[in-house]
Structure formats: structure tokens, C-alpha cells
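Structural features, examined
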Amino acid sequence: GVLRFKAMADEGKLTFPVLNVNDAQMKHLFDNRYGTGQSTFDGIFHGTNLLIALLLVPIIVGLGLLGQLIPAAADTISLVQLMFRLGIFINLLLAVFNLMPLPPLDGSHVVKHFLPAAWALHYQRVSRFGFVILILMLMFGGPVLTAWMAPAIWLDRLAMQVVSPYILLSPWTT
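Residues numbered from 1 in each chain as written. Predicted model: local features only at pLDDT ≥ 70, side-chain atom pairs only at ≥ 80, totals over all residues. Heavy atoms only, no water.

1. Description of the nonpolar core
Membership of the largest hydrophobic core comes to 19 residues, with the highest contact counts inside it found for I88, F97, M100, L105 and V163. Among the secondary structure elements, those contributing two or more residues to this core are α4 (48-69), α5 (74-98) and α10 (150-163). Looking at this core, the element that brings in the most residues is α4, giving 5 residues. Not counting chain neighbours up to four residues away, the residues in contact with V163 comprise V57, I60, V61 and R85. (Core = buried A, V, L, I, M, F, W, Y, C linked by side-chain atoms within 4.5 Å. Buried < 20%, exposed > 50% of the residue type's maximum accessible area, 1.4 Å probe, protein only. Helix = DSSP H or I, 4+ residues; strand = E, 2+ residues; numbered from the N terminus. Contact = heavy atoms within 4.5 Å.)

See below:
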């Protein structure tokens, strides 16, 4: 697969750009210094959920402007705006939730790299109970989850302030 793509790139036959992440200089340098945790940091720095939430903001604004130009499509466009609005909220929640320092989530890998070696080893041993800890946290950790999700709620409110002037009024948005 990778060799074929490299050969096609050398021949100029690729119709779209392809990046082999495993050949990235950052991965090489990071793996040699810190182990294979690079993928965790890469996931945070290039967070798909945050990117989706960010990209949906101008799309909602554009749809609002389009709905003002084409009043016949306003009801349908407002429904799409509502779905994208929920997409912002869900993606922000997923991004922040995934950073929790509980073993099955990505945040646990970040914490592990900042702990001293002996502590990190003990922390990794707890990971086999990660799903149980996560389920208990979801069941009984309401105040902790509320505090942890505060940045997602704040970012969602900020996004809503930006898009609210462009939300089309319809039976779904009132």
C-alpha cells in the first residue's frame, strides 16, 4: 500500500495528496524520545472532533445567509442548521470527554507520559479496570463530569453566540 502510493507520487499519478503519517518527522523524533505515545498527542493537536465543530460554525452561517436568499428553502435549511448545531455540541462534548484521564480514554495516555516512570507503571496497571472505572464515573460522578465538561459547554455557548444571528426561524428552531 504505502510503497505503491510512494511510487505513484513519484510518477505524478496521484490525483489527490497523500501523507504517510508513519513517515512524519514528528513521529520519528517523538517515538525515539518518548515511546509510541505520539499518536495521543497527535490526536489532541489534530483533534477531529474540534475540527468538525469549528468547521460547522461557518457552514451554519452560510446556510443562514442562503436561507435568507432563498425563502422557499428556509424550512429545510433551518432543519439542516439544527442538525449541524447539534453536531457542534456533540463533537465538543466528545473532544473534552475523550481527554479525561481514565484508562480507556486518550487523556489517560497523556497523563501517563507526564508521570514519573514508577508511577506511570502503576497507572498502567490500573488500566485493566478502566471500563469499570469509566462506568462508575458515568453513573455516580455527576459533579466531576459537570466540572470536566465545562470547557465544552463554554465553547458551545461561544459558537451559539456566533451562529445565532444566522439561525433561520422555523418550527424546528423556535
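2. Description of the packing of α5 against α10
It is the contact of α5 with α10, at a shortest axis distance of 9 Å, that shows an interaxial angle of 155 degrees. One way to sum up the angle between α5 and α10 is to call them roughly antiparallel. α10 is crossed by α5, and the crossing has right-handed handedness. Seen from α5, the contacting residues are R85, I88, F89, L92, L93 and V96; seen from α10, they are A152, I153, L155, D156, A159, M160 and V163. (Axes fitted to C-alpha atoms, helices over the stretch in contact; angles between N-to-C directions. Parallel < 35°, antiparallel > 145°, perpendicular 65-115°, else oblique. Left-handed = near helix turned anticlockwise from the far one by under 90°.)

3. With respect to the confidence of the model for the chain
Confidence in the prediction for the chain averages 82 pLDDT; 80% of positions are at 70 or higher. Helix α2 (residues 25-34) is the least confidently modelled element of the chain, averaging 51 in pLDDT, while α10 averages 96, the highest of any element. (pLDDT = per-residue confidence, 0-100.)

4. Structural notes on the pattern of salt bridges
Counted according to the given criterion, the structure contains 1 salt bridge. Here R85 and D156 are joined by a salt bridge, their closest N and O atoms 2.8 Å apart. Taken together, the positions of R85 in helix α5 and D156 in helix α10 put the pair 71 residues apart, joining distant regions of the chain. Look at R85 and you get buried, because its relative accessible area is 15%. For D156, a relative accessible area of 8% puts it in the buried group. (Salt bridge = Lys/Arg side-chain N within 4 Å of Asp/Glu carboxyl O.)

5. Side note on the side chain of R85
Polar contacts involving the side chain of R85 include one to the side chain of D156, which spans 2.8 Å. Residue contacts for R85: discarding those within four places in its chain leaves I60, D156, M160 and V163. (Polar contact = N/O pair within 3.5 Å; in protein donor to acceptor, adjacent residues only side chain to side chain.)

6. Considerations on the side chain of Q81
In this structure, Q81 sits in helix α5. By relative accessible area, Q81 is classed as buried at 0%. When neighbours within four sequence positions are excluded, Q81 is seen to be in contact with I60, L63, G64, Y166, I167 and L168.

7. Focus on the environment of V163
Tracing the backbone shows V163 in helix α10. Classification of V163 as buried rests on a relative accessible area of 0%. Expressed as a C-alpha distance, the spacing of V163 and G64, which sit 99 residues apart in the sequence, is 8.6 Å.

8. Some words on the packing of α4 against α5
One can describe the packing of α4 onto α5 by two numbers: an axis separation of 9 Å at closest approach and a directional angle of 165 degrees. The pairing of α4 with α5 is recorded here as roughly antiparallel in orientation. For the pair α4 and α5, the crossing hand works out as left-handed. On α5, the residues that touch N49, L50, I52, A53, L56, V57, I59, I60, L63, G64, L66 and G67 of α4 are A74, I77, V80, Q81, F84, R85, G87, I88, N91, L92, L94 and A95. Here the contact of α4 with α5 is built from residues that sort into 17 nonpolar, 6 polar and 1 charged. (Nonpolar A, V, L, I, M, F, W, Y, C, P; charged D, E, K, R; others polar.)

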